[in-house]
Amino acid sequence: MIPMPRLISRSALALALMLGAAAIHADVLRVSAIPDEAPTELQRKFKPLGEYLEKETGLKVQFTPVSDYAAVVEGLAAKKIDLAWLGGFTFVQAKLRTGGEAMPIVQRAEDEVFTSKFIVPADSPVKSLSELKGKTFAFGSPSSTSGHLMPRFFLLKEGIDPDKDFKNIAFSGAHDATVAFVASGKVDAGVLNASVMDKLVEKGDANAKRVKVIATTPPYFDYNWTVRPGLDPALREKISQAFLKLDRANPAQRELMDLQRASKYVPTTAANYDGIERAARSAGLIK
């Protein structure tokens, strides 16, 4: 069970030390993201977005990667991070940790209808979720919405209790790592977010070629950009408008949006994640 409301980790403490100096400078926008992919990929995706936000806000953008999801939640709660890329479940944790003061401001249109994909090795005879009983299985991070919470929730609705029906459960830590786990035979099956799976297939990833999808979850709300408690409302609005005016028809912005796998950004609210919170409570991941 993920303890709430306190989520303390070594990387949260490291984050506090790294961002401590920036905390006293009003001209710095401190940004982080849940580590749902490899650190090098997160940096590659964020670089043009950070440059764009610098132009739109007039602030220096400081991006700090972390090693686990809890560090981002603690960074927001301690006001060491101003803006964070969160999954739906991580947002719920941040909301609970901050007494409802962490505020989601925008999400990709794709995040309104997000899904997860269950995968097995390409040569596996398994064709359905029911055939996974008795198999070894990999989720992503324990705090991942698309790599753990919602797949677990939908498995339970299908009458499959991961803790009882799987031979063993592993947590890979990230979506691309789950594909590697399954491709190498480290586990019999796994689940990851559909967007990462699609991206790996599109770029011809070797591990993605060695797995196949056997099921896709129903849609749910997922990722968003969330601001910390107490962030100046004028800055919050400036950040929101920067995202909302991104346009794929603008050649200068298309690459940025491709990296974010976004067709467009839309406003979001905490209420959109009430279903995620109910699923987390139903699955016993929060009380």
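What counts and how
- Residues numbered from 1 in each chain as written.
- Predicted model: local features only at pLDDT ≥ 70, side-chain atom pairs only at ≥ 80, totals over all residues.
- Heavy atoms only, no water.
- Buried < 20%, exposed > 50% of the residue type's maximum accessible area, 1.4 Å probe, protein only.
- Helix = DSSP H or I, 4+ residues; strand = E, 2+ residues; numbered from the N terminus.
- Arc of directions from axis to C-beta.
- Contact = heavy atoms within 4.5 Å.
- Polar contact = N/O pair within 3.5 Å; in protein donor to acceptor, adjacent residues only side chain to side chain.
- Pairing = 2+ DSSP bridges.
- Core = buried A, V, L, I, M, F, W, Y, C linked by side-chain atoms within 4.5 Å.
- Axes fitted to C-alpha atoms, helices over the stretch in contact; angles between N-to-C directions.
- Left-handed = near helix turned anticlockwise from the far one by under 90°.
- Nonpolar A, V, L, I, M, F, W, Y, C, P; charged D, E, K, R; others polar.

Those residues of helix H10 (residues 251–260) not exposed but buried are Gln253, Leu256, Met257, Leu259 and Gln260. Around the axis of H10, the buried residues are gathered within 155° of arc, so they sit on the same side. In H10, those exposed residues whose orientation departs by more than 90 degrees from the buried face are Pro251 and Glu255. Against helix H2 (39–57), strand S4 (103–108) and strand S11 (265–267) lie the buried residues of H10. Measuring from the backbone nitrogen of alanine 252 back to the side-chain oxygen at the start of H10 gives 2.9 Å, which picks out asparagine 250 as the cap. Downstream of H10 by one or two residues, arginine 261 has phi in the positive range, about 50°.

The next subject is the pairing of strand S5 (residues 116–121). The element S5 is largely enclosed, with a buried count of six among its six residues. As judged from the four bridges shared by S5 and strand S8 (residues 189–193), these two strands associate in the antiparallel manner. When the sheet's bridge partners are listed, lysine 117 is paired in S8 with leucine 192. Bridge count between S5 and strand S9 (residues 211–216): five bridges; the pairing is antiparallel. Along S9, the bridge assignment pairs lysine 117 with threonine 216.

The next point concerns the nonpolar core. Generally speaking, soluble globular proteins have nonpolar side chains that are buried together. Core analysis: the largest hydrophobic core is formed by 55 residues, its most contacted members being Leu83, Leu149, Trp225 and Phe243. No other element matches the five residues that helix H3 (residues 69–77) contributes to this core. Setting aside anything within four residues of it in sequence, one finds phenylalanine 243 in contact with Leu49, Leu53, Leu83, Val106, Trp225 and Tyr265.

Time to look at the side chain of histidine 148. Positionally, histidine 148 belongs in helix H5 (residues 145–157). Using a relative accessible area of 3% as the deciding quantity, one classes histidine 148 as buried. Aside from chain neighbours lying at most four places away, what touches histidine 148 is Phe139, Ser141, Pro142, Phe171 and Leu285.

Between helix H7 (residues 175–184) and helix H8 (residues 194–202), the shortest axis-to-axis distance is 9 Å and the interhelical angle comes to 65°. In terms of crossing hand, the pair formed by H7 and H8 is right-handed. Contacts between H7 and H8 involve His175, Asp176 and Val179 from the former and Val196, Met197 and Leu200 from the latter. Here the residues of the contact of H7 with H8 are counted per class, giving four nonpolar, one polar and one charged.

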